[in-house]
Amino acid sequence: ISGAQPELTMGEIERVMANMMSVLKDKNATADALHKRFSRRTDMPVDHCIPFSSDRKYSGVAFKTEGTYLMGAAQFLFPDGNENLIKQCAAYGKEGLRVLVLAHSPNLNRENELPEGLKPVALFMLTDIIRDNALETLAFFKDQGVDLKVISGDDPVTVSAIAKKAGLENADKYIDATTITTPEDMERAVAECSVFGRVTPQQKKEMVLALQKQKHTVAMTGDGVNDVLALKEADCSVVMAEGSDAAKNIANVVLMDSNFAAMPEIVNQGRRVVNNIRTAASMFLIKTIFSVLLCLITIFWGDSYPFEPIQMSLISACAVGIPTFLLAQENNFNKIESGFLRYVFMNAFPAAVTITGCVFTIMLVCQNVYHSNVMLSTACFLVTGWNYMAALK
């Protein structure tokens, strides 16, 4: 690469990386890939280690005799600019490759500050493997009207390219989170962009809050400690089983196979539960409403309550208990609308009023026709059952 130290051979790079891997204990996908690629060696005396930080965007090791080796994003290792290096990284990023820069300085790093004389040594290209069902999963959420956002600590150009391959809508609308400096910028960014790169943990939290401020219900997925702040603020937090314990402990849902493709089934099962509970609640509320109305009618205008206790038991069993048990097994995956109580009441009220009206009419018209309360209550029982069957349809 342009500006690299020409005296560092491929074998020396392998040696440096092997010694760094024996010291760095970072736990993330990038670290796992590097640990698989490079074996571990301990033939370079270590002065101290610089662990990865989401704020710094780099990690490294200071060796007693070899100087400091840092590994991370070019923009953060060379904040004063290295035009040729940044162009090279950008070119690889457009291809969907994540680029790590290995840089060296003969000076030792102090207090996590960049040492003087830092020069690039090598570039490492990594790529994310897109799962076969990613397109199908993203298409499902698109059809459900879900606005998907991809938040990453990597270069936004790279993240955008990968998101486009995965089928994310508006993947070309990306932004570098380092350019977001005010709450107004954040609110505008979350409304206009779909891909966010170079995001810090605090910014993830701010994104969730900004979306909620715009009246969105926010579900957040993640797996690391860096996601904890955002996961806590989200309306629903989903964490992979391979994620950190801190993230799993605060999550609403943990995907045991660490596969986001399970989300459509989770959404459908959640809808099934809520929809079936709403239907069952409506059936229970019908009986409650018409029972209260008939009690009031009986108190002010009637001689006796139109139902016998055994008939109310039969209504509860045959018109409420058994149907609601069967309805609970229905695969109702319809989209859930807001207003649970309003939906239940509006479904129950017409049937309850109809039953009350029919029973009251029978009480007025037929009390002189039927010469016993048993016959009157039987007629009321039959018309109530017929109305319940109509309500079930």
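The present account deals with the structure reproduced in this document.

Basis of the calculations
- Numbers given to residues run from 1 along each chain, matching the order in which its sequence is written.
- At least 70 in pLDDT is required for a residue's local features to be given in this predicted model, at least 80 for side-chain atom pairs to be given and counted, and no such filter applies to totals for whole chains, interfaces and linings, which use all residues.
- Each side-chain value is worked out from all heavy atoms of the structure, with water and hydrogens disregarded.
- Patch membership is restricted to residues that have no salt bridge and whose relative accessible area is over 30%. Joining uses 9 Å for like charges and 5 Å for the nonpolar side chains Val, Leu, Ile, Met, Phe, Trp and Tyr.
- Only the protein chains shown count as cover for residues, with accessible areas throughout obtained via the Shrake-Rupley method and a probe of 1.4 Å.
- Within this document, salt bridges are pairs made up of a side-chain nitrogen of Lys or Arg and a carboxyl oxygen of Asp or Glu, the two lying within 4 Å of each other.
- To qualify as a helix, a DSSP run of H or I must reach at least 4 residues; to qualify as a strand, a run of E must reach at least 2; elements of each kind are numbered from the N terminus.
- Burial classes follow relative accessibility: with a 1.4 Å probe on protein chains only, a residue under 20% of its type's maximum area counts as buried, one over 50% as exposed, and anything between as partly exposed.
- Arc definition: directions from the helix axis to the C-beta atoms.
- The criterion used for residue contact is that any of the two residues' heavy atoms lie within 4.5 Å.
- Only strands joined by at least two bridges in the DSSP assignment are considered to pair.
- Planes of paired rings set the category: under 30 degrees apart is stacked, over 60 is edge-to-face and the rest tilted, where pairs are Phe, Tyr or Trp rings (Trp by its six-membered ring) whose centres lie within 6.5 Å.
- To sit over a ring, a charge needs its Lys NZ or Arg CZ within 6 Å of the ring centre and within 35 degrees of the ring normal.
- Under this scheme, a helix contributes an axis fitted over its contacting stretch, all axes are lines through C-alpha atoms, and angles between N-to-C directions fall in the 0 to 180 degree range.
- Note on terminology: angles under 35 degrees are roughly parallel, angles over 145 are roughly antiparallel, angles of 65 to 115 are roughly perpendicular, and the others are oblique.
- Throughout, a crossing is termed right-handed when the near helix is turned clockwise from the far one, and left-handed when it is turned anticlockwise from it by less than a right angle.

## Quick look at a nonpolar patch on the surface
- Together, V292, L296, I299, F300 and W301 make up an exposed nonpolar region whose accessible area comes to about 630 Å².
- In this fold, I299 is placed in helix α11 (residues 263-301).
- A relative accessible area of 64% means that I299 is categorised as exposed.

## Description of helix α7 (residues 183-192)
- Buried within α7 we find M186, A189 and V190. The arc that holds every buried residue of α7, seen down its axis, measures 95°, which confines them to one face. Among the exposed residues of α7, those pointing more than 90 degrees away from its buried face are E184, A191 and E192.
- Tucked into the core, α7 has its buried residues touching β7 (174-176), β8 (195-197) and α8 (201-213).

## Some details on the pattern of salt bridges
- Going through the model one piece at a time under the given rule, you end up with eleven salt bridges.
- A salt bridge links D185 to R188; the nearest nitrogen and oxygen atoms lie 2.5 Å apart. Here D185 and its partner R188 are both found in helix α7, three residues apart, which amounts to about one turn of the helix.
- Judged by its relative accessible area of 43%, R188 is partly exposed.
- One salt bridge connects K204 with D227, and the closest N-O pair in it is separated by 2.6 Å. Of the two residues, K204 is situated in helix α8 and D227 in the loop between β9 (219-222) and α9 (228-233); the sequence distance between them amounts to 23 residues.
- Overlapping salt bridges, with partners in common, bring together R15, R41, D43 and E66 in one network.

## Considering the pairing of strand β2 (residues 58-63)
- Within β2, six of the six residues are buried, which leaves it mostly tucked inside the rest of the structure.
- Burial along β2 is two-sided: the residues Y58, G60 and A62 and S59, V61 and F63 are all buried.
- Summarising the sheet, strand β1 (residues 46-50) and β2 pair through four bridges and their orientation is antiparallel. When the sheet's bridge partners are listed, V46 is paired in β2 with F63.
- Bridge count for β2 against strand β3 (residues 67-72) is six bridges, and the pairing is antiparallel. Considered in β3, the bridge of S59 is made with M71.
- The antiparallel pairing of β2 with β3 creates a hairpin that spans three residues between the two strands.

## Details of the environment of F78
- As for its placement among the helices and strands, F78 is situated in the loop between α3 (74-77) and α4 (83-94).
- Owing to a relative accessible area of 10%, F78 belongs among the buried residues under this scheme.
- Taking the C-alpha atoms as reference, F78 lies 8.1 Å from L118; in sequence the two are 40 residues apart.
- When neighbours within four sequence positions are excluded, F78 is seen to be in contact with L85, V101, A103, L118, K119 and P120.

## Quick word on the packing of aromatic side chains
- Overall, the coordinates contain eight aromatic pairs when judged by the stated rule.
- When the ring of F63 is compared with that of Y69, the centres are 6.1 Å apart and the planes differ by 65°; the resulting orientation is edge-to-face. An identical accessibility class is assigned to F63 and Y69; each is buried.
- One aromatic cluster is present, formed by F290, Y305, F307 and Y388 through successive ring pairs.
- The aromatic ring of F38 is capped on one face by R37, whose charged end is 4.7 Å from the ring centroid.
- In this structure, R278 packs its charged tip against the face of Y343, placed 3.7 Å from the ring centre.

## Details of the packing of α11 against helix α12 (residues 309-327)
- Contact pair α11 / α12: the axes reach a minimum separation of 8 Å and the direction vectors enclose 165°. Here α12 runs roughly antiparallel to α11, going by the angle between their axes. The chirality of how α11 crosses α12 is right-handed. Mapping the contact onto sequence places N276, T279, A280, M283, F284, K287 and S291 in α11 and M312, S316, A319, V320, T324 and L327 in α12.

Bear in mind that shape data such as this cannot, by itself, settle questions of function.
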